Amino acid sequence: QGSYTGGRMMERSEVLTALHAAVPGAEIKLEGADCNFTATIVSPYFRNMKMLARQQLALSGLQDVLKTGEIHAISIRSHTPEEWASLSAPVMPDL
C-alpha cells in the first residue's frame, strides 16, 4: 500500500486524460475535486464485459496515482451506450 508523497493532487484534466487513455472514445463526465472523484463513463467498448472488468479497465490508467495518494478515491460508473440510453436521464450534462 502506498502513501501520499506530498501536497500534489491530480488535476481534473489529468484524471480525464488518464481515463480517456484507458477507455479510448468514451464519453466521460467527471465530478468531484481535489483527490476524490466520480466518473461516469459511457463506451461501446464495455459491451460483453462484466462490471469488474469495466472497473479494472477504467482504473488501469490511474494505478500509480492511487498508490501515491494524488487521487484518494475514485468511483467509476460504467455503461454501454445502450445501458445509458435505457436510464431515466440519458443526457450527460456538462461533457
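Our structure's up above, just so we're on the same page.
Quick notes on the rules
- Residues numbered from 1 in each chain as written.
- Predicted model: local features only at pLDDT ≥ 70, side-chain atom pairs only at ≥ 80, totals over all residues.
- Heavy atoms only, no water.
- Buried < 20%, exposed > 50% of the residue type's maximum accessible area, 1.4 Å probe, protein only.
- Helix = DSSP H or I, 4+ residues; strand = E, 2+ residues; numbered from the N terminus.
- Pairing = 2+ DSSP bridges.
- Arc of directions from axis to C-beta.
- Contact = heavy atoms within 4.5 Å.

A.B. asks: Any chance you could explain the pairing of strand S2 (residues 36–42) here in plain terms?
C.D. replies: For a regular strand, side chains alternate in direction, first toward one face of the sheet and then toward the other. For S2, a buried count of six out of seven residues is recorded, marking the element as mostly surrounded by other parts of the structure. Pairing of strand S1 (residues 27–33) with S2 involves seven bridges; the strand directions are antiparallel. The partner of Ala-33 across the bridge, within S2, is Asn-36. Between S1 and S2, which pair antiparallel and follow one another directly, the connecting turn spans two residues, one of which, Asp-34, has a positive phi of 55°. Examined bridge by bridge, S2 and strand S3 (residues 73–79) share seven bridges and lie parallel to one another.

A.B. asks: Can you help me understand helix H1 (residues 12–22) in this one?
C.D. replies: It helps to recall that an α-helix has 3.6 residues per turn; residues three or four apart then point in one direction. Listed as buried for H1 are Val-15, Ala-18, Leu-19 and Ala-22. Each buried residue of H1 lies within a common arc of 95° when the element is viewed along its axis, so the set occupies one face. When the buried face of H1 is taken as reference, the exposed residues oriented beyond 90 degrees from it are Thr-17 and Ala-21. On its buried face, H1 sits against S1, S2, helix H2 (51–59) and S3.

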